[in-house]
Amino acid sequence: MRKLLTHIASLTGIVPEGVLRKQGAEMDTTGSLENAWLLVEDGRITAFGQMGCAMPEAADELDCSGCLVLPAFCDSHTHIVYAGSRDGEFLDKIEGLSYEEIAARGGGILNSSDRLHETPEDELYAQTMERVREMMAKGTGAIEIKSGYGLRTEDELKMLRVIRRVRESVPAEIRATFLGAHAVGRGYTHEEYVRLVCEEMIPRVAAEGLADFVDVFCDEGFFTVEDTDRILQAGRRAGLRPKIHANELAVSGGVQVGVRHEALSVDHLERTTDAEIEALRGTATMPTMLPGSSFFLGLPYGRAKDYIAAGLGVALASDYNPGSSPSGDMRFVMSLGCIQMRLTPIQALNACTLNSAYAMGVADTCGSITCGKWANLLVCRPGFNLTKIPYLHHTPFLRNVLLKGE
């Protein structure tokens with residue numbers, strides 16, 4: 001099927017073939033073409049140009065007069081396979097309890113683990129699909145989804161099977177991350193649980209081919225650098241590339257251990273120092289910041305501008321989860337990047353598209369206007385430009401969302 005988008009006011013987010021991420025000064029640039037057309041064939045972008053210049057014919061034409069067209073958002077860090085809600089903990093937060101205090105009282109991740117254990121797989125899949133559909137409707141075309149609320153072997157596998165079913169059900173690109181080391185499961189000592197993750201969970205996950213990545217919550221009160229090193233080694237032996245939760249609650253050493261294991265991304269980074277920036281220089285690891293979590297928990301925002309000034313790239317993701325960032329709205333993430341982190345709209349767009357695609361291993365197929373990539377496109381309402389999207393942060397801005405051209 002050939003689809004032709006015509007009279008595009010501005011086609012923005014154009015990136016040359018082969019460019020998979022942006023770093024340093026590259027974060028300040030994005031390709032743009034005014035009064036443009038774009039051709040989609042079999043779900044992929046195959047050509048684009050200016051109106052009147054060698055325009056192809058197509059049976060299905062979409063008139064985009066007055067519209068900005070962008071690549072769809074990519075969300076490289078979510079926890080959307082969960083059961084029920086944790087709105088009771090929202091009241092605890094209002095009363096002044098910290099994330100750590102709620103966890104110490106048996107809330108937080110362990111609360112979600114208990115609920116998930118009691119929820120049948122089909123019901124868990126149905127709840128997850130509601131969230132995925134909402135995210136796609138709001139403009140997200142690629143989603144990384146983590147396990148980590150199982151904390152028992154069978155429940156972690158249940159979560160990953162749900163992610164596989166989602167992957168088979170939607171046009172969005174889906175990637176799966178095994179996060180058994182999200183917290184210590186009930187009934188285990190710390191050492192027993194780390195051993196369970198390394199010696200039982202990871203081999204089972206690998207044998208069923210259920211995950212692309214392995215992740216660890218390397219932070220104060222959760223898993224140490226030594227634990228993380230063991231788990232990542234086990235994951236790499238099983239063919240799972242590392243990703244890391246690091247420096248949300250304290251400067252944990254997680255960035256450094258992630259870099260040593262060639263992690264694709266190190267995520268959170270609310271509390272990092274110059275040492276973390278230095279550790280990331282010259283590496284293939286993408287610093288990924290989660291401003292929705294900072295917003296909801298009242299944590300510091302990541303030092304994105306300092307990372308960029310040091311020549312690094314930055315990705316932004318939603319951290320969509322029931323306890324610390326209950327939203328998968330990447331437009332709001334982009335707005336927080338501008339409002340709270342002082343990124344320019346172009347920097348925030350790069351962070352929410354190409355760099356976030358890189359951080360989940362799909363930058364070869366998603367995240368930019370590039371021939372050969374999936375036609376995951378946002379057609380904005382007439383009158384919206386790139387600055388107005390984060391500025392008018394909750395005014396509806398989408399006219400059409402195309403995923404794989406449909």
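Just so we're clear, the structure is a prediction, and the values are computed from it rather than from any experiment.

**Student:** Hey, could you run me through the overall build of the protein in this one?
**Tutor:** Secondary structure summary: the protein contains 15 helices and 15 strands in total. Summarising its shape, the C-alpha atoms of the protein cover approximately 70 × 45 × 45 Å along the three principal directions. The 406 residues of the protein split such that 60% are buried. In the protein, the proportion of contacts linking residues at least 24 apart, taken out of those at least 6 apart, comes to 73%. Summed over all atoms, the accessible surface of the protein reaches about 14800 Å², with 50% contributed by carbon and sulfur. In the protein, which carries 40 positive and 54 negative side-chain charges, the distance between the mean positions of the two groups comes to 2 Å.

**Student:** I would appreciate a short explanation of the layout of surface pockets in the present structure.
**Tutor:** Space left empty within the atom packing is revealed by a probe, the size of a water molecule, rolled over the atoms. Looking at the largest pocket, its volume works out to about 190 Å³. Ala103, Ala104, Ala183, Gly221 and Phe222 are, among the 14 residues lining the largest pocket, the residues nearest its centre. When contributions to the lining of the largest pocket are tallied by element, the ones reaching two or more residues are α2 (99–104) and α3 (109–118). Considering every element that reaches the lining of the largest pocket, the biggest residue donor is α2, with four residues. In terms of residue class, the lining of the largest pocket is made up of eight nonpolar, four polar and two charged.

**Student:** Before we go on, may I ask you to explain the nonpolar core in this structure?
**Tutor:** In a soluble, globular protein the nonpolar side chains are often hidden away together inside. In this structure, Val166, Phe178, Ile231 and Leu316 are the most contacted members of the largest nonpolar core, which totals 96 residues. Residues Leu11, Ile14, Leu38 and Ile45 belong to the second largest nonpolar core, which totals 17 residues.

**Student:** Any chance you could explain the sheet that holds strand β13 (residues 315–316) here in plain terms?
**Tutor:** Through backbone hydrogen bonds, the strands of a sheet pair up, either in parallel or in antiparallel fashion. Across the sheet, eight strands lie side by side as β6-β7-β8-β9-β10-β11-β12-β13; this open sheet has parallel pairing. If you trace the sheet from one side to the other, it starts and ends with β6 (73–78) and β13, each paired once. Bridge count between strand β7 (residues 140–146) and strand β8 (residues 173–181): five bridges; the pairing is parallel. Looking at β8, one finds that Glu144 is bridged to Arg175.

**Student:** What is the right way to look at empty space enclosed by the protein in this model?
**Tutor:** What the rule picks out here adds up to four cavities of 30 Å³ or more. Every residue lining the largest cavity is counted, 14 residues in all, and those nearest its centre are His79, Tyr99, His182, Asn321 and Ser324. The residue makeup of the lining of the largest cavity, split by class, is four nonpolar, seven polar and three charged.

**Student:** When you look at the packing of aromatic side chains in this model, what are you seeing that I'm missing?
**Tutor:** We describe a pair of aromatic rings using the distance from one ring centre to the other and the angle between the two ring planes. Inspection of every chain in the model, using the stated rule, returns six aromatic pairs. Here Phe90 and Phe296 contribute two aromatic rings whose centre-to-centre distance is 5.7 Å and whose plane-to-plane angle is 20°, an arrangement assigned as stacked. Highlighted residues: Phe90 in helix α1 (residues 87–94) and Phe296 in helix α10 (residues 291–297), separated in sequence by 206 residues. Residue classification places Phe90 among the partly exposed residues on the basis of a relative accessible area of 41%. Members of the aromatic cluster, joined through ring pairs, are Tyr188, Tyr193 and Phe223. Of note, Arg44 hangs over the ring of Trp374, and the distance from its end group to the ring centre comes to 3.8 Å.

**Student:** What exactly am I supposed to notice about the packing of helix α5 (residues 153–169) against helix α6 (residues 190–208) here?
**Tutor:** The N-to-C vectors of α5 and α6 enclose an angle of 30°; their axes lie 10 Å apart at closest approach. Classified by the angle between their axes, α5 and α6 sit roughly parallel to one another. Considering only the axes of α5 and α6, their crossing is right-handed. Listed contacts from α6 to Thr153, Glu154, Glu156, Leu157, Leu160, Arg161 and Arg164 of α5 are Leu196, Glu200, Met201, Arg204, Val205 and Glu208. The residue makeup of the contact of α5 with α6, split by class, is five nonpolar, one polar and seven charged.

**Student:** Would you mind going over helix α4 (residues 121–137) with me for this structure?
**Tutor:** Since the α-helix turns once every 3.6 residues, residues separated by three or four places project in the same direction. In a regular helix each residue adds 1.5 Å, so 17 residues correspond to 24 Å; α4 covers 24 Å between its end C-alpha atoms and thus fits that length. Burial in α4 covers these residues: Leu124, Tyr125, Gln127, Thr128, Met129, Arg131, Val132, Met135 and Met136. Elements in contact with the buried residues of α4: β6, α3, β7, α5 and β15 (398–402). Two residues or fewer after α4 comes Gly139, characterised by a positive phi angle close to 110°.

**Student:** It is not clear to me how the packing of helix α12 (residues 330–339) against helix α13 (residues 345–352) should be interpreted in this structure. Could you clarify?
**Tutor:** Helix-helix packing is characterised by the crossing angle of the two axes and by the distance between the axes. Two elements in contact, α12 and α13, have axes whose closest approach is 9 Å; the angle formed by their N-to-C orientations is 135°. Put simply, α12 runs oblique to α13. Judged by the twist between their axes, the crossing of α12 over α13 is right-handed. For the pair α12 and α13, the contacting residues are Met330, Val333, Met334 and Cys338 in the first and Pro345, Ala348, Leu349 and Cys352 in the second. Across the contact of α12 with α13, the residue classes tally to eight nonpolar, no polar and no charged.

**Student:** What exactly am I supposed to notice about the pairing of strand β2 (residues 31–41) here?
**Tutor:** When a strand is regular, its side chains alternate between the sheet's two faces. Across nine bridges, the pairing between strand β1 (residues 2–14) and β2 is antiparallel. Pairing of Ile8 across the sheet is with Ala36, part of β2. The pairing of β2 with strand β3 (residues 44–50) spans six bridges and is antiparallel. From the neighbouring strand, Trp37 faces β3, where its bridge partner is Gly49. The turn linking β2 back onto β3 is made up of two residues, and Asp42 within it adopts a positive phi angle of 50°.

**Student:** What's the story with the side chain of Lys146 in this structure? I'm lost.
**Tutor:** Of note, Lys146 is situated in strand β7. A polar contact is formed between the side chain of Lys146 and the side chain of Glu144, at a distance of 2.7 Å. Contact partners of Lys146, with chain neighbours within four places excluded, come to His77, Thr78, His79, Met159, Ile163, Thr177, Leu179, Asp215, Lys243 and His245.

Cut-off values and rules
Residues numbered from 1 in each chain as written. Predicted model: local features only at pLDDT ≥ 70, side-chain atom pairs only at ≥ 80, totals over all residues. Heavy atoms only, no water. Helix = DSSP H or I, 4+ residues; strand = E, 2+ residues; numbered from the N terminus. Buried < 20%, exposed > 50% of the residue type's maximum accessible area, 1.4 Å probe, protein only. Contact = heavy atoms within 4.5 Å. Areas by Shrake-Rupley, 256 points an atom, 1.4 Å probe, with all protein chains shown as cover. Lys, Arg positive; Asp, Glu negative; His and termini not counted. Charge placed at Lys NZ, Arg CZ, Asp CG, Glu CD. 1 Å grid on protein atoms, 1.4 Å probe; cavity = no way out; pocket = protein on both sides within 12 Å on 5 of 7 lines; lining within 4 Å. Points joined across faces, edges and corners; volume = space filled by probe spheres on them. Nonpolar A, V, L, I, M, F, W, Y, C, P; charged D, E, K, R; others polar. Core = buried A, V, L, I, M, F, W, Y, C linked by side-chain atoms within 4.5 Å. Pairing = 2+ DSSP bridges. Phe/Tyr/Trp six-rings, centres within 6.5 Å; stacked < 30°, edge-to-face > 60°. Lys NZ or Arg CZ within 6 Å of the ring centre and 35° of its normal. Axes fitted to C-alpha atoms, helices over the stretch in contact; angles between N-to-C directions. Parallel < 35°, antiparallel > 145°, perpendicular 65-115°, else oblique. Left-handed = near helix turned anticlockwise from the far one by under 90°. Expected span 1.5 Å × (residues − 1). Polar contact = N/O pair within 3.5 Å; in protein donor to acceptor, adjacent residues only side chain to side chain.

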